[in-house]
Amino acid sequence: MIAYNESLESFYQHVRAGVIENKVVERLGISIGESERRAFRNSLPAIANALQNAPLPGDVEVALEYRIPLTNKRVDFLLAGADSEGKDHLVVCELKQWEEVEHTDMSDIVLVGNQEHVHPSWQAYTYGSTISNFNEFIEINKIEVNMCTFLHNYQRRVAKELLNPIYLEGISKAEPFISDQYLDLARFVSKYIKTKSKTNLMYEIDKGRIRP
């Protein structure tokens, strides 16, 4: 299930109008706590600002809060389109408001305050690989799924914690971008998406059969 599926230009308009939080909450159809509302309120405008630095056409697809079938996983942000040769791509982006983390001795776990959380790169990779491996439409049509994460409040002075070598495997699969990397994120996305797909990608992915 996708809570929000609109064109990129509509997404920009909803952010500028200050209604994106309510749009997502209304369409989710479940009770949402204040912390999650705050995430919508802060993180979605941040990624909108980043993407406006990329030469993306306004008719490519944005999907928010995509619930991966047969799981309780919800993907924060997806962008669907095609590259310059017409090959379809899906960009999966995990959004975080964190300002800093501490590394641990576990390859997929960071500390935020005194709480353990999955490293955002590993989280984005897990979501992307689950979609790739179990969605029949993606497999049959050879859609490339690219993963990243955007920590728009994260400070460069503590980047070494997020990028500690223990997390190299996850980082190599889903590149993390932080508060001074809006342009880098835009460049990453525009490597894969140049134009609208000839297919309604998110609709097909959402209704695609899940392989056992």
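Placed above this text is the structure.
Note that the structure is predicted; figures quoted are calculated from it, not measured.

1. Some points on the overall build of the protein
Looking only at helices and strands, the protein has 9 helices and 9 strands in total. Each of the three principal axes of the protein carries a C-alpha extent, and together these read 45 × 40 × 35 Å. Here the protein holds 212 residues, and the buried ones make up 49% of them. Residue pairs at least 24 apart in sequence account for 70% of intrachain contacts in the protein once pairs closer than 6 positions are excluded. In the structure as shown, the protein presents an accessible area of about 10,200 Å², 46% of it carried by carbon and sulfur atoms. Computing the positive centroid from 24 side-chain charges and the negative centroid from 30, the protein places the two 3 Å apart.

2. Examining the sheet that holds strand 2 (residues 61-67)
Pairing within the open sheet is mixed, and its 6 strands lie in the order 1-2-3-4-8-9. In this open sheet, the two strands that pair with only one neighbour each are strand 1 (2-7) and strand 9 (174-177). Ignoring strand direction, the axes of neighbouring strands in this sheet form an average angle of 20°. Its contacts with the sheet put helix 1 (residues 8-16) on strand 1, strand 2 and strand 3 (74-82), and the angle it makes with strand 1 is roughly 105°. Against the sheet, helix 4 (residues 120-134) contacts strand 2, strand 3, strand 4 (88-96), strand 8 (144-151) and strand 9, and its axis sits at roughly 145° relative to strand 4.

3. What to know about the packing of helix 1 against helix 3 (residues 34-51)
Running from amino to carboxyl end, helix 1 crosses helix 3 at an angle of 130°, the nearest separation of the two axes being 10 Å. The orientation of helix 1 relative to helix 3 falls into the category oblique. Pair helix 1 / helix 3 crosses with left-handed handedness. Across the interface between the two elements, L8, F11, Y12 and V15 from helix 1 touch L44, P45, I47, A48 and L51 from helix 3. The residue inventory of the contact of helix 1 with helix 3, partitioned by class, reads 9 nonpolar, no polar and no charged.

Basis of the calculations
- Residues numbered from 1 in each chain as written.
- Predicted model: local features only at pLDDT ≥ 70, side-chain atom pairs only at ≥ 80, totals over all residues.
- Heavy atoms only, no water.
- Helix = DSSP H or I, 4+ residues; strand = E, 2+ residues; numbered from the N terminus.
- Buried < 20%, exposed > 50% of the residue type's maximum accessible area, 1.4 Å probe, protein only.
- Contact = heavy atoms within 4.5 Å.
- Areas by Shrake-Rupley, 256 points an atom, 1.4 Å probe, with all protein chains shown as cover.
- Lys, Arg positive; Asp, Glu negative; His and termini not counted.
- Charge placed at Lys NZ, Arg CZ, Asp CG, Glu CD.
- Pairing = 2+ DSSP bridges.
- Axes fitted to C-alpha atoms, helices over the stretch in contact; angles between N-to-C directions.
- Parallel < 35°, antiparallel > 145°, perpendicular 65-115°, else oblique.
- Left-handed = near helix turned anticlockwise from the far one by under 90°.
- Nonpolar A, V, L, I, M, F, W, Y, C, P; charged D, E, K, R; others polar.

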